[in-house]
Amino acid sequence: MLTLHLNLSICLKLRPLLRFIGTKTQIGLRNEKETIDEKPLPQLTESKLMEEMGTPKTGRPRIDPKETSIVLFPGQGTQYVGMASRLMHFPEARRIFKLANEVLGYDLLKLCLEGPREKLNRTEYAQLAVMVSSLAALEQLREERPKAIESCVATAGFSLGEFTSLVFAGSLPFDKALKLVQVRANAMQVACDQIPGGMAMVLYGPDSNIGTACVKAQQWCVDKGIENPHCGVAIYMYPHCKVVAGNVEALEYLEKNSNAYKIRRIKRLPVNGAFHTPLMDSAVAPFIKALETIKLEDPLIHVYSNIDGKPYRNAAGIIRKLPKHIVRPVKWEQTLHEMYERKQDTNFPRTFECGSGKGLIGILEKVNAKAANSAFSVEA
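Residues numbered from 1 in each chain as written. Predicted model: local features only at pLDDT ≥ 70, side-chain atom pairs only at ≥ 80, totals over all residues. Heavy atoms only, no water.

By the naming in an unreviewed UniProt entry, the protein chain goes by [acyl-carrier-protein] S-malonyltransferase and is assigned to Glossina fuscipes. Recorded in UniProt for the protein chain, the comment headed Pathway (unreviewed entry) runs: "Lipid metabolism; fatty acid biosynthesis." For the protein chain, the Sequence similarities (unreviewed entry) comment in UniProt is given as "Belongs to the type II malonyltransferase family." (UniProt positions renumbered as here; feature names shortened; annotations may be inferred.)

Here you go:
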């Protein structure tokens, strides 16, 4: 029987980074309004972290930022039949899928390789397929460019990809992460089945009225007799691009009235639910119940949260924010600004997108073109 706790070399190779990040303070966060006796960790952007590395006060050797790395992970919607096929000649990638199959009780790899597409695209399978494929892609990166793993200073994941980041950073054991994502995905699929919803990418200009359009779309649903409808921003993608989510009827209203609100383009996404909105509220309780059974660790490197774009301070912060992840917007544009903030003429770290597709590098190009110049894709 293979061990189900993640003993992958990925996380083990991160431990030397602790000498650069410094000693981690344990903070007992019980809820958002309680005071904290201990001094909180400073909010460090990666640029400030780099400044700490090599100052005379610390006595550490100065590290050129371009000799460090950031790893990004994609989210649901990037899955496709045949994913992970190019990774199968890496033994550790095969091992990850073997572990996943044992934990889940079905052949996830076969589903990734052979489909059917309709099944793979369902939330309860797509999320697991994307996460495991991303971790398998990390093994290719480790084999081909081990320094990218050893010198990693930060990680972030788009929506579901945040769970992959937490596994990579040593906060969430692999087998527990699989079960947790399985509970999350199943609960979200139930919410999707209960309330027909969807998501649409919206391109707009300075003269567009996205906020007004969403308010009117929601009111239109109320007038049609739909109970507790929603329409609003679910993902902040990049400048002049957001993903709007809500009831199917609300999205139909936006599509029919896009010209009135000066929306440049609106395109429905291939998902069957209004993720990251209050329409997913029923999925929160099952997720919290599952989360309470897991012992999380403080991350070994910075993991940036989709909730506010800032790095988690410790395991308590992760536990507090992850349930909100289901019903709150993904602030991806804000996350990229926070991660890649630099003084002028400062080098950027190398960025590696590990998983299916190259979408995150494409978004980075629109948010920070200079940082994207040193970005690479490791496709699943």
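Visitor: Got a sec to walk through the overall build of the protein chain? Specific residues and values, please.
Guide: The helix and strand tally for the protein chain stands at 17 helices and 10 strands. Scored against the burial criterion, the 380 residues of the protein chain give a buried share of 56%. Pairs at least 24 apart in sequence give 77% of the contacts found in the protein chain among residues at least 6 apart. As presented, the protein chain carries roughly 16,600 Å² of accessible surface, and 51% of it is formed by carbon and sulfur atoms. (Helix = DSSP H or I, 4+ residues; strand = E, 2+ residues; numbered from the N terminus. Buried < 20%, exposed > 50% of the residue type's maximum accessible area, 1.4 Å probe, protein only. Contact = heavy atoms within 4.5 Å. Areas by Shrake-Rupley, 256 points an atom, 1.4 Å probe, with all protein chains shown as cover.)

Visitor: Describe the packing of helix 15 (residues 332–339) against helix 16 (residues 359–367), listing the residues and the values that go with them.
Guide: Contact geometry of helix 15 with helix 16 gives a least axis separation of 10 Å together with a crossing angle of 70°. The angle between helix 15 and helix 16 places the two elements in the roughly perpendicular class. Considering only the axes of helix 15 and helix 16, their crossing is right-handed. Each of Trp332, Glu333, Leu336 and His337 in helix 15 lies in contact with helix 16, whose residues at this interface are Leu360, Ile363, Leu364 and Val367. When the residues that make up the contact of helix 15 with helix 16 are grouped by side-chain class, the tally is six nonpolar, one polar and one charged. (Axes fitted to C-alpha atoms, helices over the stretch in contact; angles between N-to-C directions. Parallel < 35°, antiparallel > 145°, perpendicular 65-115°, else oblique. Left-handed = near helix turned anticlockwise from the far one by under 90°. Nonpolar A, V, L, I, M, F, W, Y, C, P; charged D, E, K, R; others polar.)

Visitor: With reference to specific residues and values, describe the environment of Ala154.
Guide: Within the element layout of this structure, Ala154 appears in strand 2 (residues 152–157). Owing to a relative accessible area of 0%, Ala154 belongs among the buried residues under this scheme. Between the alpha carbons of Ala154 and Ile301 there is a distance of 5.6 Å; along the sequence they are 147 residues apart.

Visitor: If you had to explain the pattern of salt bridges to someone new, which residues and values would you point to?
Guide: As a working rule, side chains carrying opposite charge can pair if their charged atoms are close by. According to the stated counting rule, one finds 11 salt bridges in the structure shown. Among the salt bridges present, the one from Glu124 reaches Arg122, with a minimum N-O distance of 3.1 Å. For Glu124, a relative accessible area of 13% gives the class buried. Residue Glu255 pairs with Arg268 through a salt bridge whose shortest N-O separation is 2.9 Å. Highlighted residues: Glu255 in helix 12 (residues 248–256) and Arg268 in strand 6 (residues 263–268), separated in sequence by 13 residues. By relative accessible area, which is 31% here, Glu255 ends up partly exposed. (Salt bridge = Lys/Arg side-chain N within 4 Å of Asp/Glu carboxyl O.)

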